[in-house]
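# Coordinate inspection notes
This is what each chain is made of:
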Amino acid sequence: MISALMPTYNRADLAFEHGQGAVLWTVDGRRFLDFGAGIATTSIGHAHPHLVATIAEQAAKVMHVSNLYRVPQAERLAQRLVDSSFADSVFFCNSGAEANEGMIKAVRKYNSETGHPERYRMICFEGAFHGRTLATLSATGNEKYLAGFGPPVDGFDHVPFGNMNALRDAIGPGTGGIMIEPIQGEGGVRPAELQFLRDLRATCDEFGLLLALDEVQTGMGRTGKLWAHQWAGIEPDVMSAAKGIGGGFPLGAVLAKEKVAQYLKPGTHGTTYGGGPLACAAGNAVLDVILAEGFLDHVDQIARKLWDGLEDLARRHPTVIENIRGAGLLLGMKLRPEISNTDAQAAGVMEGLLTVAAGQNVLRLAPPLIIGDAEVEEALALLDRVMLRLTPSVASLAVASLAAK
């Protein structure tokens, strides 16, 4: 018999009962240091007192009213996001995939309304991940994810990540925008070079295209700035956000400049739950924490400490770790081909550490942004033991060497 829950996930046999900060406890009392954070989502940790109190207070008042009426919590959150970003206007939804769908629609609508309906195509990048809807799967372009779901949605052209020559060659009369993650999370924790992001901005300006940034995983302080693109000193025309924006409560957003947002008029786009009182109360509580004086500086500092520790691990475990990559608190350990990232993830569980596998055989680390020195030191000690578990024996290394000859 099939399980009551559809079998869409390979779930680890762990059930968590409660958490505090960067720690989770299972129903049977086991303790885990959480360096996955619900795939970069529990941005301010588990059971953060301000977030918990805000959600409880709002839930006791009103949880849902629909967008037929004003939602003061959404109005406040939108204004705060506008004040702390490039954007002039914000649309709220429930998830990263929805945010990316909204962003794609915004780009197409802008081009149609400005006299170029033929410009519905977007250039995307190999290794991307933009979501699981039919359109965002097509923007992702991964054949494994697309298999069995019929023809991809038309309008997405893919080029190698970081290749400006290929990108410029792909621009045609139907191109309306460029869509990119500043760091490819699912695709292997691959950061775009800052100069590449600057070149994308310049290319969009040159050809009259919109720059659409997917900051679902990289936004909300994950890299030590509120938005990852700020490290490059550029501004997109439209951007998606989700994951950490609600601290674990479902919330997504499309942020846009006025020239784009003005065309999303009543009837062009919508959502039943998006921007509701409870979700936006949670979003405001998360912003209270992340925008507090010194918080992002702390994220940057602690991320550099973690990076240095991972580099040291790579030096001490060269038969397991190939390199360290990423930025801020979205970091990856690229493992040697003979070492599986899923085995590394499982070894972490055995040691009491939660991580997330990513593409290109990378073990992803995306802890809550509130971690401190103690959590970093504990994680490095646990990872050291994980690497020892994974270190090939002298005999297996000899066999591999002979096979290579």
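Analysis parameters
- Residues numbered from 1 in each chain as written.
- Predicted model: local features only at pLDDT ≥ 70, side-chain atom pairs only at ≥ 80, totals over all residues.
- Heavy atoms only, no water.
- Pairing = 2+ DSSP bridges.
- Helix = DSSP H or I, 4+ residues; strand = E, 2+ residues; numbered from the N terminus.
- Contact = heavy atoms within 4.5 Å.
- Axes fitted to C-alpha atoms, helices over the stretch in contact; angles between N-to-C directions.
- Buried < 20%, exposed > 50% of the residue type's maximum accessible area, 1.4 Å probe, protein only.
- Expected span 1.5 Å × (residues − 1).
- Core = buried A, V, L, I, M, F, W, Y, C linked by side-chain atoms within 4.5 Å.

Taken in spatial order, the four strands make up an open sheet running 1-2-3-15, and their pairing is mixed. Edge positions in the open sheet fall to strand 1 (16-20) and strand 15 (353-354), since each of these has one partner strand only. On top of the sheet, helix 13 (residues 373-390) reaches strand 3 (31-34) and strand 15; it is set at about 105° to strand 3, its chief contact.

Looking now at unusual backbone geometry. Its identity is not glycine, yet Ser66 carries a phi of approximately 80°, on the positive side. Its location among the elements puts Ser66 in the loop between helix 2 (49-59) and helix 3 (72-83). Among the residues examined, Ser66 registers a relative accessible area of 18% and is labelled buried. Despite not being glycine, Asn361 has its phi angle at roughly 60°, a positive value. Mapped onto the fold, Asn361 is located in the loop between strand 16 (356-358) and strand 17 (362-365).

This part takes up the sheet that holds strand 13 (residues 321-327). Sheet architecture is open: four strands sit in the order 13-14-17-16, paired in antiparallel fashion. Since the sheet does not close on itself, it has two edges, and those belong to strand 13 and strand 16, each with one partner. Averaged over all pairs of adjacent strands, the angle between their axes in this sheet comes to 30°, without regard to strand direction.

What follows covers the pairing of strand 1. As defined by bridge partners, strand 1 adjoins strand 2 (residues 23-26) across four bridges and the pair is classed as antiparallel. Bridge pairing in strand 2 places Phe16 opposite Thr26.

Looking now at helix 3. With twelve residues, helix 3 ought to run about 16 Å at 1.5 Å a step, and its terminal C-alpha atoms sit 16 Å apart, in line with that. Taken residue by residue, helix 3 has Gln73, Ala74, Leu77, Ala78, Arg80, Leu81 and Val82 as its buried positions.

Counting 84 residues, the largest nonpolar core has Phe92, Leu200, Leu255, Leu310 and Met333 as the members making the most contacts within it. It is helix 11 (residues 295-316) that provides the largest number of residues to this core, a total of nine residues. When near neighbours in sequence (up to four residues on either side) are disregarded, Leu255 contacts Leu81, Ser85, Phe86, Ala87, Ser89, Val90, Trp227, Asp237, Val238, Met239 and Ala241. Tyr110, Met122, Ala212 and Tyr263 belong to the second-largest nonpolar core, a separate cluster that totals 20 residues.

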